[in-house]
Amino acid sequence: NAGVTQTPKFQVLKTGQSMTLQCAQDMNHEYMSWYRQDPGMGLRLIHYSVGAGITDQGEVPNGYNVSRSTTEDFPLRLLSAAPSQTSVYFCASSRSRGASGYTFGSGTRLTVV
Amino acid sequence: DAKTTQPNSMESNEEEPVHLPCNHSTISGTDYIHWYRQLPSQGPEYVIHGLTSNVNNRMASLAIAEDRKSSTLILHRATLRDAAVYYCILRANAGGTSYGKLTFGQGTILTVHP
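Here goes a summary of the coordinates provided. Keep in mind the model is a prediction, meaning the values are calculated, not measured.

Thresholds, definitions, all that
- Residues numbered from 1 in each chain as written.
- Chains lettered and ligands numbered in written order.
- Predicted model: local features only at pLDDT ≥ 70, side-chain atom pairs only at ≥ 80, totals over all residues.
- Heavy atoms only, no water.
- Helix = DSSP H or I, 4+ residues; strand = E, 2+ residues; numbered from the N terminus.
- Rg over C-alpha atoms; globule rule 2.2 N^0.38 Å.
- Buried < 20%, exposed > 50% of the residue type's maximum accessible area, 1.4 Å probe, protein only.
- Contact = heavy atoms within 4.5 Å.
- Areas by Shrake-Rupley, 256 points an atom, 1.4 Å probe, with all protein chains shown as cover.
- Pairing = 2+ DSSP bridges.
- Axes fitted to C-alpha atoms, helices over the stretch in contact; angles between N-to-C directions.
- Polar contact = N/O pair within 3.5 Å; in protein donor to acceptor, adjacent residues only side chain to side chain.
- Buried area = accessible area lost by both parts, 1.4 Å probe.
- Salt bridge = Lys/Arg side-chain N within 4 Å of Asp/Glu carboxyl O.
- Nonpolar A, V, L, I, M, F, W, Y, C, P; charged D, E, K, R; others polar.

Right, let's talk about the overall build of chain B for a bit. Of the regular secondary structure elements, chain B holds 0 helices and 9 strands. Reading the secondary structure of chain B in the N-to-C direction produces β-β-β-β-β-β-β-β-β. Relative to a compact globule of 114 residues, whose C-alpha radius of gyration would be 13 Å, chain B shows 14 Å and is just as compact. Counting only C-alpha atoms and orienting by the principal axes, one finds that chain B spans roughly 45 × 30 × 25 Å. Taken over 114 residues, chain B has a buried fraction of 44%. Long-range contacts, defined here as pairs at least 24 residues apart, represent 58% of the contacts in chain B between residues at least 6 apart. On chain B, roughly 5700 Å² of surface is accessible, and the fraction owed to carbon and sulfur atoms is 48%.

This is the structure in structure tokens:
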């Protein structure tokens, strides 16, 4: 099993550009989430999904869009990149109940100049 | 979301046991206690979880207080590879869509000395 796959691993954007961070999992997990981690900080939840077609906002959703058309994929879209969005982004997935641990991807390091 | 409180940092010597505490006084009856760790420059890694009873796996043990208001992650013999940030997180098992959420605090930075 590949687990949770994030692409790209590194990306540099110019202010105002848009892009999509990809996240795919092959474990048939219902839950998927996106987090960002700024230097020296903990992880903050951006958006999450409890299944195909269902998404909800986390702590820091502004400037990001998500959709969940399939169980496997949960892309994160940056609409108009800003330097404040420079961060490491992690995608994670889990089975539906609290008794399940999350599996995290290896992260995408994004720099906005 | 129910909050957890952990010490900012702890230190240990290699091959000694480490007890990482976590307080969660507002835990609800359906919340699971999860522990994750994050090694430098890596994504978080699931360690262990529990509800009421103590739990053991190949990585660690989880001791849960009888009133569930606190828990302790136990690394039986710390190695240099265990140096990481350890997060104690409550994950709800009920309550609409919110039980999908995993909210991270600042965690405990564990330093292991050779």
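This next bit is on the sheet that holds strand S7 (residues 64-66) of chain A. Residue and element names in this part refer to chain A. The antiparallel open sheet is built from 4 strands, whose spatial order is S1-S3-S8-S7. Looking at which strands have only one partner, the edges of the open sheet turn out to be strand S1 (4-7) and S7. Averaged over all pairs of adjacent strands, the angle between strand axes in this sheet comes to 20°, irrespective of strand direction. Alignment of S7 against strand S8 (residues 76-78), held across 3 bridges, turns out to be antiparallel. Looking across to S8, one finds that tyrosine 64 is bridged to leucine 78.

A separate point is the side chain of B:His49. By the secondary structure assignment, B:His49 is in strand S4 (residues 45-50). Here B:Tyr46 takes part through its side chain, which lies 2.5 Å from a polar atom of the side chain of B:His49. If sequence neighbours within four positions are ignored, B:His49 has contacts with A:Ala99, B:Tyr32, B:Ile33, B:His34, B:Val55 and B:Leu62.

A word on the interface of chain B and chain A. Between chain B and chain A, the residue contacts involve 23 residues of the former and 24 residues of the latter. Between chain B and chain A, the buried area comes to about 1900 Å², and carbon and sulfur atoms account for 52% of it. At the junction of chain B with chain A, the criterion picks out 0 salt bridges. Applying the counting rule to chain B against chain A returns 6 residue pairs in polar contact (both at pLDDT 80 or more). Taken together, the elements giving at least two residues each to the side of chain B that touches chain A come down to strand S3 (31-38), S4 and strand S8 (84-92) of chain B. It is S3(B) that contributes the most residues to the side of chain B that touches chain A, 4 residues altogether. For the side of chain B that touches chain A, the residue count by class is 9 nonpolar, 12 polar and 2 charged.

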